[in-house]
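Observations on the model geometry
Chain by chain, the residues:
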Amino acid sequence: MRSRLLAILALSQSSFVFSLDDIPLTYETALLTVQADLLAQKSLLLGSNDTIDECHLSESDCNLSDLSDDHTTLIYTGGKTQCIYEDSTPYSFQVVRGDPKKVLFYFQGGGACWNKPSTRLGLCSTDAIASPLYGIFNRDPTKNPDYYDHTFIQVLYCSGDVHAGNSTRPYDEHGTNNSVVQVGAVNTLAVLDWLADQNLGVLDELIVGGTSAGSLGAQVWADWIVSTVPSSNTAMLFDSFVGVLPPTSEGPLIKEFGLCDSVILDAWPELEAKCNADELTLQDMVTNAMAAHPDQTFAHINSKTDWVQQAYYILIGAFNMSLDAHITPSEYYQKVNYVFEGYHTYPNHVAFLVDASKHVYTNSPLYFSADTNSMSGSDGLSEKLYNWVGSMPLGNNDGHGDSNLTWACAGDRMTMDEVEATDPKPHSYCDSALTDRVIYAP
């Protein structure tokens, strides 16, 4: 089994485009895919040579103005924050000081543990470990001209609950008497409280984003953050998790994480009621945020056939409902388009689709190479992902940010009726209902 994991890990770290054609993952391959992805993420974190300082809120205010420039400080929060296990690392978050008026607020990824089987199989990160400064976090102005000087704040992820949980599970950790505790919402609030204590006033730029499980966290927290962190220009950047899940599985998952009783839904009693009825979906929360903040850009980045998201679809179906919840790459891409068609009702949503099966881009060197045709870059003529992302926030007063942002997808324009009638390969088409989208600076 270890040799199979290492083989998948090698693929996930290479520039090879993993092609599944139109064959669904089996349960076994889905499990290996998720485990290999987590192994790849962990090896990336542990392999970093970045300088790391530490600051403890129990001993200091850990003011941003006192932190080092251009390398990581881990701020240990204490209090009620914690990772999923008693023997996990103490909770901390990551800060790299830059311009205090320009903030890149990110949610780290790292899988999910949504029930006893997924927890026992280790399908989520359980320690708070800083990310290396790759991709959008890169501090070199020649490589990352749009965000190198931003203050980078990352909500580290070790709770297994997509940063939104507030729950003590009725099962223990590793056969001990210690309960599994998932308080991602508490951890996130501690980071946001620290940010508020910096008294930065109205920010010039605020980018709220995340990768994988962190993408889900950013989507769940989007409304709350935009409503409470004042900024002249704000954009949301959701990298590699759209929320394509088996039917009827999403509402119970959200409720069991404890989101119904968290501050996230305090201002929205209708969403809280749906949550308590096992009916709340990620799409409900995202559309709610887009409607509430029409001047802010909401942007998704996604591979057309993301293999890790397909794997979670299968595992959630198997673990939660004992279903054969298989999904082919074509079916997955169709479902992504249908989700985006729902978002397309709102004029502030846009997406960048990569013709690949790779999972996550913005926190890796692929951020600079990927275009719509390939994760490693293709003909040199297609728009690069980092240039597209660098347009945000739109129309910033200091010259950073473009005046418009377009839907990015490579392939023939086809209606979804045509797609269902002809069943083309995912790489060959784009949903024609979406490709006309242009967002202009407010």
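Once a new chain begins, its residue numbering starts again from 1 and follows that chain's sequence as written. Reporting in this predicted model follows two pLDDT cut-offs: at least 70 for local features of residues, and 80 or more for side-chain atom pairs to be given and counted; totals over whole chains, interfaces and linings ignore these cut-offs and use all residues. Note that the side-chain values use all heavy atoms of the structure and ignore hydrogens as well as water.

**A look at the environment of Lys143**
Take Lys143: it is sitting in the loop between α3 (116-120) and β5 (150-155). Each residue's exposure class comes from its accessible area (1.4 Å probe, protein chains only) as a fraction of the maximum for that residue type: buried when under 20%, exposed when over 50%, partly exposed otherwise. A relative accessible area of 48% means that Lys143 is categorised as partly exposed. In the structure, Lys143 is positioned 243 residues away from Tyr386 in sequence and 9.7 Å away in space, judged by C-alpha atoms. The helix count covers DSSP runs of H or I at least four residues long, the strand count covers runs of E at least two residues long, and both are numbered beginning at the N terminus.

**Some thoughts on the packing of aromatic side chains**
Side-chain rings of Phe, Tyr and Trp (the six-membered ring for Trp) are treated as a pair once their centres are within 6.5 Å; stacked means planes under 30 degrees apart, edge-to-face means over 60, and tilted covers the remaining angles. The full count for this structure, using the stated rule, is 17 aromatic pairs. Here Tyr106 and Phe137 contribute two aromatic rings whose centre-to-centre distance is 5.2 Å and whose plane-to-plane angle is 85°, an arrangement assigned as edge-to-face. Of this pair, Tyr106 sits in strand β4 (residues 99-107) while Phe137 is found in the loop between α3 and β5, placing the two residues 31 residues apart along the sequence. Residue classification places Phe137 among the buried residues on the basis of a relative accessible area of 1%. Linked through ring pairs, Tyr27, Trp114, Phe241, Tyr312 and Phe319 together constitute an aromatic cluster.

**Examining the pattern of salt bridges**
Whenever a carboxyl oxygen of Asp or Glu lies within 4 Å of a side-chain nitrogen of Lys or Arg, that contact is scored as a salt bridge. Applying the stated criterion across every chain, the model contains six salt bridges. The salt bridge involving Asp70 is made with Arg139; its shortest N-O contact spans 3.3 Å. Taken together, the residues span a long stretch of sequence, with Asp70 in the loop between β1 (52-56) and β2 (72-76) and Arg139 in the loop between α3 and β5 at a distance of 69 residues. With relative accessibility at 44%, the residue Asp70 sits in the partly exposed group. For Lys274, the salt bridge is made with Asp284, and the minimal N-O distance between the two is 3.0 Å.

**Structural notes on unusual backbone geometry**
Omega for the bond connecting Met392 with Pro393 falls within 30 degrees of zero, at -5°, which places this linkage in the cis form. Turning to its location among the elements, Pro393 is positioned in the loop between α12 (385-389) and β12 (404-406). Notably, Thr248 is not glycine yet its phi reads approximately 70°, a positive angle. Within the secondary structure layout, Thr248 lies in the loop between β9 (234-239) and α6 (250-256).

**As for the state of the cysteines**
By definition, a disulfide is the covalent link that joins the sulfur atoms of two cysteine residues. Throughout, disulfides are identified as pairs of cysteine sulfur atoms within 2.5 Å of each other. Per the stated rule, a full pass over the model turns up five disulfides. There is a disulfide in this structure between Cys55 and Cys62, and the S-S distance comes to 2.1 Å. Looking down the S-S bond of the Cys55 and Cys62 bridge, the torsion is -100°, so its handedness is left-handed. The same class applies to Cys55 as to Cys62, namely buried. Note that Cys83 is cross-linked by a disulfide to Cys158, the S-S spacing being 2.1 Å. Residues Cys83 and Cys158 are joined through a disulfide that is left-handed, its torsion about the S-S bond being -75°. Residue Cys83 is located in the loop between β2 and β3 (92-96), and its partner Cys158 is located in the loop between β5 and β6 (167-172); the two are separated by 75 residues in the primary sequence. We classify Cys83 as buried; its relative accessible area is 1%.

**Some points on the nonpolar core**
If you look at the biggest cluster of nonpolar residues, it comprises 129 residues, and the most contacted ones within it are Phe105, Trp114, Trp194, Phe340, Trp388, Val389 and Met392. Counting six residues, the second-largest nonpolar core is a separate cluster that includes Ile84, Cys113, Cys124 and Val180. Put simply, buried Ala, Val, Leu, Ile, Met, Phe, Trp, Tyr and Cys residues joined by side-chain atoms within 4.5 Å make one nonpolar core.

**Describing helix α10 (residues 329-343)**
Taking 1.5 Å of rise per residue, the 15 residues of α10 would be expected to cover 21 Å, and the 21 Å separating its terminal C-alpha atoms lies within 8% of that figure. Those residues of α10 that fall on the buried side of the exposure criterion are Pro329, Ser330, Tyr332, Tyr333, Gln334, Val336, Asn337, Val339, Phe340 and Tyr343. Expected span of a helix: the number of residues minus one, times 1.5 Å.

**Here's the deal with the packing of helix α5 (residues 213-228) against helix α8 (residues 282-292)**
It is the contact of α5 with α8, at a shortest axis distance of 8 Å, that shows an interaxial angle of 45°. When the axis of α5 is compared with that of α8, the two are oblique. In the crossing of α5 with α8, the sense of the turn from one axis to the other is left-handed. Contacts between α5 and α8 pair Leu216, Gln219, Val220, Ala222 and Asp223 from the former with Leu282, Met285, Val286, Asn288, Ala289 and Ala292 from the latter. Of the residues that constitute the contact of α5 with α8, the class distribution is eight nonpolar, two polar and one charged. Between N-to-C directions, angles cover 0 to 180 degrees, with each direction set by a line fitted to C-alpha atoms, over the stretch in contact for helices. Each angle receives one of four descriptions, namely roughly parallel if under 35 degrees, roughly antiparallel if over 145, roughly perpendicular if within 65 to 115, and oblique otherwise. Here is the rule for handedness: rotate from the far helix to the near one, and if that takes an anticlockwise turn smaller than a right angle the crossing is left-handed, while a clockwise turn gives right-handed. Two residues qualify as a contact provided that any one of their heavy atoms is within 4.5 Å of a heavy atom in the partner residue. In this classification, the charged set is Asp, Glu, Lys and Arg, the nonpolar set is Ala, Val, Leu, Ile, Met, Phe, Trp, Tyr, Cys and Pro, and all remaining amino acids, among them Gly, are polar.

**Quick word on the sheet that holds strand β8 (residues 205-211)**
What links the strands of a sheet is backbone hydrogen bonding, and the strands pair in either a parallel or an antiparallel sense. Strand pairing follows a simple DSSP-based rule, namely that at least 2 bridges must link the two strands. Ordered in space as β1-β2-β3-β5-β4-β8-β9-β10-β11, the nine strands form an open sheet in which the pairing is mixed. Looking along the sheet, the strands with just one partner apiece sit at the ends: β1 and β11 (349-354). Neighbour-to-neighbour, the strand axes of the sheet open up by a mean angle of 20°, direction not taken into account. Across six bridges, β4 lies against β8 in parallel orientation. Note on β8: the bridge partner recorded for Leu104 is Ile207. Sheet strands touched by helix α4 (residues 184-197): β2, β3, β4 and β5. Its angle to β5, the strand with the most contacts, is close to 155°.

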